[in-house]
There are 6 protein chains.
Amino acid sequence: MNWIDEGALYSQIGLFLREDLGRGDITTQSIIVRNTRARARFVAGQDMIVAGLEAAEEVFLSLDSQQQLEAFVSDGEPVEAGKVIARMIGFADVLISAERVALNLLQRLSGIATLTNQYVKAVDGTGAQIADTRATTPGLRLLERYAVELGGGYNSRFGLDDGVMVTSNHVAILGGVSSAVKTAKEKLGYLHRVAVEVSSENELKDAIAAGADVVVIDGPSPAEFLPLARIARELSSSVAIECAGKITPANVREYAAAGAQLIRVEALTSAATAMNIGFQVQPF
Amino acid sequence: MNWIDEGALYSQIGLFLREDLGRGDITTQSIIVRNTRARARFVAGQDMIVAGLEAAEEVFLSLDSQQQLEAFVSDGEPVEAGKVIARMIGFADVLISAERVALNLLQRLSGIATLTNQYVKAVDGTGAQIADTRATTPGLRLLERYAVELGGGYNSRFGLDDGVMVTSNHVAILGGVSSAVKTAKEKLGYLHRVAVEVSSENELKDAIAAGADVVVIDGPSPAEFLPLARIARELSSSVAIECAGKITPANVREYAAAGAQLIRVEALTSAATAMNIGFQVQPF
Amino acid sequence: MNWIDEGALYSQIGLFLREDLGRGDITTQSIIVRNTRARARFVAGQDMIVAGLEAAEEVFLSLDSQQQLEAFVSDGEPVEAGKVIARMIGFADVLISAERVALNLLQRLSGIATLTNQYVKAVDGTGAQIADTRATTPGLRLLERYAVELGGGYNSRFGLDDGVMVTSNHVAILGGVSSAVKTAKEKLGYLHRVAVEVSSENELKDAIAAGADVVVIDGPSPAEFLPLARIARELSSSVAIECAGKITPANVREYAAAGAQLIRVEALTSAATAMNIGFQVQPF
Amino acid sequence: MNWIDEGALYSQIGLFLREDLGRGDITTQSIIVRNTRARARFVAGQDMIVAGLEAAEEVFLSLDSQQQLEAFVSDGEPVEAGKVIARMIGFADVLISAERVALNLLQRLSGIATLTNQYVKAVDGTGAQIADTRATTPGLRLLERYAVELGGGYNSRFGLDDGVMVTSNHVAILGGVSSAVKTAKEKLGYLHRVAVEVSSENELKDAIAAGADVVVIDGPSPAEFLPLARIARELSSSVAIECAGKITPANVREYAAAGAQLIRVEALTSAATAMNIGFQVQPF
Amino acid sequence: MNWIDEGALYSQIGLFLREDLGRGDITTQSIIVRNTRARARFVAGQDMIVAGLEAAEEVFLSLDSQQQLEAFVSDGEPVEAGKVIARMIGFADVLISAERVALNLLQRLSGIATLTNQYVKAVDGTGAQIADTRATTPGLRLLERYAVELGGGYNSRFGLDDGVMVTSNHVAILGGVSSAVKTAKEKLGYLHRVAVEVSSENELKDAIAAGADVVVIDGPSPAEFLPLARIARELSSSVAIECAGKITPANVREYAAAGAQLIRVEALTSAATAMNIGFQVQPF
Amino acid sequence: MNWIDEGALYSQIGLFLREDLGRGDITTQSIIVRNTRARARFVAGQDMIVAGLEAAEEVFLSLDSQQQLEAFVSDGEPVEAGKVIARMIGFADVLISAERVALNLLQRLSGIATLTNQYVKAVDGTGAQIADTRATTPGLRLLERYAVELGGGYNSRFGLDDGVMVTSNHVAILGGVSSAVKTAKEKLGYLHRVAVEVSSENELKDAIAAGADVVVIDGPSPAEFLPLARIARELSSSVAIECAGKITPANVREYAAAGAQLIRVEALTSAATAMNIGFQVQPF
């Protein structure tokens, strides 16, 4: 992540805290003496790839800069159930008031990294890459892409402005793959490579004939994908061949074996669930 | 949702669009003639409770106020796989550029409403309520709580500032349930009812003795929950009895039958996944 | 005050300075050499409870972090006319440019604390509490409540979202105290205690019969209050008894003696005037 | 008020509502059916000059644009105790939820206009003007100056950036009135007239000798003011003569009679208290 | 320009007005009766390509939505000295208060469009394109690029995030063109075409050998450019050939004739000066 | 520049960087190892007055606070072509990513200071001052005025709110110079001096007769200016005499010699072009 991204991340954490704290944690402020020193630990409740530990640390620091986190694994590393991920030293009130926001980030991002890593391991050695999509949680794309990367996935275009993809809805309006691709090449080909979604042999052929740099074969079973990928390679030695659709950790290797160079998986971000991670506070 | 909330929702949608569009949808702007009239429809890819249709409509309207959505079901209603949820008339470029943000909201919120509804149906007739928790996606709590409500769930406190809950981490710092509850009652009891998490028979007894208005029995199996709920009711006719922990649609009815008045389920928001909903655009 | 509150306070001080300085203090910048070292002192022009000294310090620090304030009394402490409240060391231009904003805060907040303290002393030993209301200066509620607390007063609900109060206007719309209280108890009683304004014996009885947790007897003279308070206590040993209306430092003790547990006084914030405090700058 | 000012005013009202409503008016939203039509009226509880009625109307409109206010007096007009100031037609929930913010503005601004008007009437026919100062409530200067104007007062400089005033603190640093005024004339005299605070005959003479355009005689009793004003006029036929200090409605006419052209009164904004104005809602 | 861009443009205009008006146009507000109807016209003081007329219209509308502008030429069209560009009907105070901001935009943007058009005409018929660079006025890139486009120029990458360009400073750090281009192709070549700045024959050869999609020959005279462009074309039939440096309207055609497909000219935005355009207001 | 101004400047620099970097410098981040130490230097490509060096330094620091700049000349000092203006030590990626924004500021502001200085030198010894106008780049007025000051120019009013100027458009609406000036004196003369634009002998006489403090003779040739300036001085020994219009470095001294005390030159900011300044990065 770069300078701008980190800045965006920090400002978001302030908003996340405000969402949860509102006018303040009335319970904690009423019953815990301010600045009581305490320690805490994050404990993994299941096997996972950890993601979001730095973000979680930022949550505590945003509330009070004197909290200290010592991590036993780094973002992107695996951890087994029962292991302590990190421990903290700080103030009881800060630790408790920031706990939920920190966990919400850490649990969700670790869920994405862990799911991504299942796909990545499944295609190990094939040379294929597992890529994310724009099916992210609104407002969290930056963080969720970071989790995908930590899980070993590839970040495809961030948004509609930094990559060219002709989709089936574009094709429906323009009346065919061919004219859509030609127009895109003419208007945008100077700076960008042009990708196009295709869902039949005819569309595939039209796309390549029109000069598409990347074809995204959308929705096939592994058995359907294989002959289409072969045709694509026969028609062009340079076109990039991708697939998208309802790809699972169980069948993803078949697509890779059939020639998919990049596999786009919506589920990485839209079907990941929060990992089980506990946060236990204790007096010092 | 109230006035203030709606305002917050609208401003967020602008941010969501900006996240996805950045400096603009370069593909669509290059290949689709501006203001080409088109129609589109949302199609359910699986059975679900729909949630977020109004939010999705707002996404399109935020980009261009001339888009029209006609819904065939309202937020909170069930729909079967294959059915058309809504259709739209508008401009091709607007429909395509806003599609992904609208779907990201609609798919995710419908996922939460659908999962919530499974829990709600499972306790049908018992009088128990299924409540959400603060384990929401950072930045989306307002929308996710709305989806829980649409699924038939109960919204517990929004954040740390509008409800009192003594948790196990508070107890750890204070050295016991009793003093924690007493302090909370003294400081906050004038305006609020005091809830406390307990995880053993002793803690339960201490909590009720100290004047807790609500006891949240955390983590028991249904078999463990039953005797604790009985003890609570014997000790106080007025204390509210809740449970929390790893509750599933399969076992939730057992807790209700054992006397849980309100069942807090983190999974409603932390384990829901996006529903399969398609969006197909066509020329007019 | 908590983390969130302090953050809110600091951002406001920036706005307060911008309001007064606009594009800059043209007089001072033209005639005072920048960074000329100087000292200054705040002098009490009348007896008062000091409030807002930390806020005033923040004003100077917001303009330039090298100013130092040494306080001779703390916020909430009394000071006699003629005494030096605090002295400062810093730069002449900063001290002069920030003076007015600092004084505007300090004088006004000290006015509120001082007036509050008159009421608090008047009920000394009775056990009754003097509470503020929402009749605060728009935009300054956080600071004004803080001043009330420094004067010995009790902070009632911050706003419409963190406490339940059925007012006479609610009752007028709903056609009676009884249904209003019952609905409020049913909808909100799970998390909150329900307070209701009453202005007659009948309304008082209806409120208690409907389950009100708190009755606020609004507008009576001390003589009228006494019998109503007695009836309330006879009907319920647990209902909290409050009064509100045109209560003065001269008559407040009568209400306390008649059984008011909490006395709501709009004047604490709406009728307080600025205390006379001078600020004298001198060369070093 | 101009375009820019009105824009500033509206954005502030949104903040004022947010301060009071937070996440929403939980009482009203729970017990009043949304969009129940209702009417209301503002009733004067004492004689006053009304100020802030348009601002109050904006408060209701900011919450819901369908509220209608019919005013029986305009901002700046007098009203007697017991009279209805305005009546409203709208929705019960909106009227009740916005009531407190609207009253807080209307009561406070009317207090300022009423107090200002007492001073203005006291100097009627003398030609002297009653001017406000920068001793305003932080964040509300725009509105409070507007109230002063409605009461018949004169708005002096808005802030430190749009007028030149050499104060006693400037003089203390610079070691004398003479050099302070000369520097200010040299640096700022091209665009601005230069005012200077003086508190003795010597300072007065130095100021005029140094070319001050305006002398502000600070702190004298009426008896002390008279000879100083005479000296000023003898020394210069064009210098403007002002006074400032602890001026009351009872003694203000003496200053005017002694030659004060403009009388600066901190109390207009720092000692005004909220007027008694009621707001009664009824079903339609 | 797209939806997002227009939104950004409008919000900027509010800031531009605030910069000039501050707390308001004190002269106009004091001497012109509000809402006095008036008319005005923009008159060209020299031959030019008009750019920014819609932006200028927005300035007036931002201040008051009732102003009407009738344009006699559209943005991007030429106009001769002495001609009326547009006329307006509105209010005298609004027209006068907004005049300067509107002119500042219109004059500057027309200056850019006019200068760009000189370059564009100079290469007419050669097939070469005149492109802008990132040497724009900070904060105005969106508007200045728009003016370049109106003048017939080509918009190259908006910023550092939407196009890949290896510059001489990158090469200096990496120790050679070859490794820089190879790394860029490997990391970014999947979505983007890679451009590289070269300043010698050796660098040019290395760049093409390393797979550069675009070579930008930086700084040559037309005589130096010709042989380098020939070598580039001999080495690759597909590499795009660009030039950059101190190109003038007088010599630009030589570069085009020598084979430059795209000519990057910093001067379009960094050396354009404001066009002479008058704005005359008259009573109605 | 004062505190408020500096704050405004810093916030703008963040926006300038965001404009150029968007989601990040994809080229640099891909090919330069993060935090590679490097050095760089700014080299003057022509003779100039340097302006904006501190602003440029802020650009680098805003991206990463560890960059160090050592300046060999200060803002406002002259430098000859070929000389090194400043050198930097820092990180290669930061230096390269911030380069363009820093140069855009430094080149443009130096252009303004250099052009201003040509005018200033041309009137050397005459006592006349060269003043800027409001013909600045929207959004950059603060910085551009600063550059004018560095070049030896005089900053006239910042905006419409801090100075009074009756223009020809005001006069057109009011039907004559005389009434316009009289109204302005009456309404604003207490705090401000009143300037008025005149373009004929009659208008000049009317303006002085009506009490104008400053006359701005607009549009004359030097030959036309001389007799008007004489008339003005004959009519009033105190009126300030200014001129405005198409003044060039070649003819400006004639106006000064003819009696212009202050000469308003739009070109200082509207016709300045970017200076040629290079930025060369090298490995350490």
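Structure: above.
To keep things clear, this report deals only with the structure shown in the data block. Note that residues are indexed from 1 along each chain, following the sequence as it is written. Just so you know, chain letters begin at A and ligand numbers begin at 1, following the order they were written in. Local features in a predicted model are, by the rule used here, given only for residues with pLDDT of at least 70; side-chain atom pairs are given and counted only at 80 or more, and totals for whole chains, interfaces and linings are based on all residues. Working from all heavy atoms in the structure, the side-chain values ignore hydrogens and water.

For helices the rule is a DSSP run of H or I covering at least 4 residues; for strands it is a run of E covering at least 2, with both sets numbered from the N terminus onward. For chain A, the count of helices and strands is eleven helices and twelve strands. Judged by the C-alpha coordinates and their principal axes, chain A covers about 70 × 35 × 25 Å. When accessible area is computed with a 1.4 Å probe and restricted to protein chains, residues below 20% of their type maximum are described as buried, those above 50% as exposed, and intermediate ones as partly exposed. Counting across all 284 residues of chain A, residues that qualify as buried make up 62%. Contacts: residue pairs with any heavy atoms within 4.5 Å of one another. The contacts of chain A with a sequence gap of at least 6 include a subset with a gap of at least 24, amounting to 74%.

What follows is about the pattern of salt bridges. What counts as a salt bridge is simple: a side-chain nitrogen of Lys or Arg found within 4 Å of a carboxyl oxygen of Asp or Glu. Summed over all chains, the structure comprises 51 salt bridges over all chains. For A:Arg87, the salt bridge identified is with A:Glu70, shortest N-O distance 2.8 Å. Remark: A:Glu70 occurs in strand E3 (residues 68-71) and A:Arg87 occurs in strand E5 (residues 84-91); sequence separation between them is 17 residues. Given the relative accessible area of 45%, A:Arg87 is considered partly exposed. The residue E:Glu201 makes a salt bridge to E:Lys205 at a minimum N-O spacing of 2.9 Å. Highlighted residues: E:Glu201 and E:Lys205, both in helix H8 (residues 201-209), separated by four residues, approximately one helical turn. According to the relative accessible area criterion, E:Glu201 is partly exposed, its value standing at 38%. For E:Lys205, a relative accessible area of 35% corresponds to the partly exposed category. When salt bridges that share partners are traced, they join A:Asp20, B:Arg134 and B:Arg141 into one network.

Moving on: the relation of the copies chain B and chain A. The superposition of copies rests on a least-squares fit of C-alpha positions from residues with pLDDT of 70 or more in both. Superposing chain B onto chain A takes a rotation of 180° combined with a translation of 0.0 Å along the rotation axis, leaving an RMSD of 0.0 Å. Here the two chains are linked by the operation of a two-fold rotation axis. By residue overlap, the copies meet face to face through one surface: 100% of the interface positions of chain B are interface positions in chain A.

Another aspect to go through is unusual backbone geometry. Phi angles above zero are rare outside glycine, and A:Asn35 is one such case at about 65°. Mapping A:Asn35 onto the fold places it in the loop between helix H2 (26-31) and strand E1 (37-44).

So, on to the sheet that holds strand E12 (residues 277-283) of chain C. All names here are of chain C. When DSSP finds two or more bridges between a pair of strands, those strands are recorded as paired. Taken together, four strands build an open sheet; the order of strands is E3-E5-E1-E12 and the sheet is antiparallel. Each of the sheet's edge strands pairs with one partner strand only, and the pair in question is strand E3 (68-71) and E12. Recorded for the sheet is a direction-independent mean angle of 20° between the axes of neighbouring strands. To obtain an axis, a line is fitted to C-alpha atoms, over the contacting stretch when the element is a helix, and the angle between two such axes runs from 0 to 180 degrees between their N-to-C directions. Seen against the sheet, helix H3 (residues 53-63) touches strand E1 (37-44), E3, strand E5 (84-91) and E12 and runs at an angle of roughly 10° to E5. Sitting on the sheet, helix H4 (residues 92-122) is in contact with E1, E5 and E12, with an inclination near 165° to E12.

With twelve residues, helix H7 (residues 177-188) of chain D ought to run about 16 Å at 1.5 Å a step, and its terminal C-alpha atoms sit 16 Å apart, in line with that. Residues of H7(D) that are buried: D:Val177, D:Ala180, D:Val181, D:Ala184 and D:Leu188. Buried residues of H7(D), seen end-on, are gathered within an arc of 95° and therefore sit on one face of the element. If you follow the buried residues of H7(D), they end up packed against helix H2 (26-31) of chain C together with strand E7 (164-166), helix H6 (168-174), strand E8 (194-198) and helix H8 (201-209) of chain D. By this rule, a helix spans an expected 1.5 Å times one less than how many residues it contains. What the arc describes is the spread of directions from the helix axis to the C-beta atoms.

Once that is clear, we can look at the side chain of C:Arg157. Looking at the secondary structure, you find C:Arg157 in the loop between helix H5 (141-150) and strand E7 (164-166). When charges are tallied, Lys and Arg are placed among the positive residues and Asp and Glu among the negative ones, while His and the ends of the chain are skipped. No salt bridge is formed by the buried C:Arg157; the nearest opposite charge belongs to D:Asp25, separated by 5.4 Å.

A few words now on the interface of chain B and chain A. Listed per partner, the contact involves 65 residues of chain B and 65 residues of chain A. Buried area: the accessible surface (1.4 Å probe) lost by two parts on joining, summed over both. Here chain B and chain A share an interface that buries about 5,300 Å² over both sides, 58% of which is from carbon and sulfur atoms. On the surface where chain B and chain A come into contact, there are six salt bridges. In terms of residues, the side of chain B that touches chain A owes the most to one element, helix H4 (residues 92-122) of chain B, which gives eight residues. Note that Gly is not counted as nonpolar here; it falls among the polar residues with everything else outside the nonpolar set of Ala, Val, Leu, Ile, Met, Phe, Trp, Tyr, Cys and Pro and the charged set of Asp, Glu, Lys and Arg. Split into classes, the residues belonging to the side of chain B that touches chain A amount to 29 nonpolar, 22 polar and 14 charged.

Here the focus is the sheet that holds strand E12 (residues 277-283) of chain A. Residues and elements named next belong to chain A. With respect to topology, four strands assemble into an open sheet ordered E3-E5-E1-E12, the strand pairing being antiparallel. The sheet is open, and its two edges are formed by E3 and E12, each paired on a single side. Mean inter-strand twist for the sheet, computed between neighbouring axes without regard to direction, equals 20°. Against the sheet, helix H3 (residues 53-63) contacts E1, E3, E5 and E12, and its axis sits at roughly 10° relative to E5. Sheet strands in contact with helix H4 (residues 92-122) are E1, E5 and E12, and its direction is about 165° off that of E12.

The subject of this paragraph is the environment of C:Ile247. With respect to the helices, strands and loops of the structure, C:Ile247 is situated in the loop between strand E10 (240-244) and helix H10 (252-257). Considering only alpha carbons, one finds C:Ile247 and C:Gly219, 28 residues apart in sequence, at a separation of 8.6 Å.

This paragraph deals with the pairing of E1(C). Consecutive residues of a regular strand have side chains that alternate between opposite faces of the sheet. Residue and element names in this part refer to chain C. Inspection of the sheet shows E1 paired to E5 by seven bridges, in the antiparallel sense. Each bridged residue has a counterpart across the sheet, and for alanine 40 the counterpart in E5 is methionine 88. With seven bridges connecting them, E1 and E12 associate as antiparallel partners. If you follow alanine 44 over to E12, its bridge partner there is isoleucine 277.

A separate point is the environment of A:Glu54. Residues and elements named next belong to chain A. Considering the arrangement of structural elements, one finds glutamate 54 in helix H3. When its relative accessible area of 52% is taken as the criterion, glutamate 54 is described as exposed. Between the alpha carbons of glutamate 54 and alanine 102 there is a distance of 9.8 Å; along the sequence they are 48 residues apart. With sequence-adjacent residues up to four places away left out, glutamate 54 is seen in contact with Asp75 and Tyr146.

Moving on, we get to the pairing of strand E8 (residues 194-198) of chain A. Residue and element names in this part refer to chain A. Taking burial as the measure, the five residues of E8 include five buried ones, the bulk of the element. Of the two faces of E8, the one lined by Val194, Val196 and Val198 and the one lined by Ala195 and Glu197 are each fully buried. Here strand E7 (residues 164-166) pairs with E8 via three bridges, running parallel. The residue of E8 that forms the bridge with valine 166 is valine 196. Direction of pairing for E8 relative to strand E9 (residues 214-218): parallel, over a ladder of four bridges. Within E9, the position partnered with glutamate 197 by the bridge is valine 216. Viewed with both strands pointing away, a crossover whose connecting path from the first strand over the helix to the second turns clockwise is right-handed. Tracing the backbone out of E8, into helix H8 (residues 201-209) and back to the parallel element E9 gives a crossover that is right-handed.

Everything listed is a geometric property; what it means functionally is a separate question.
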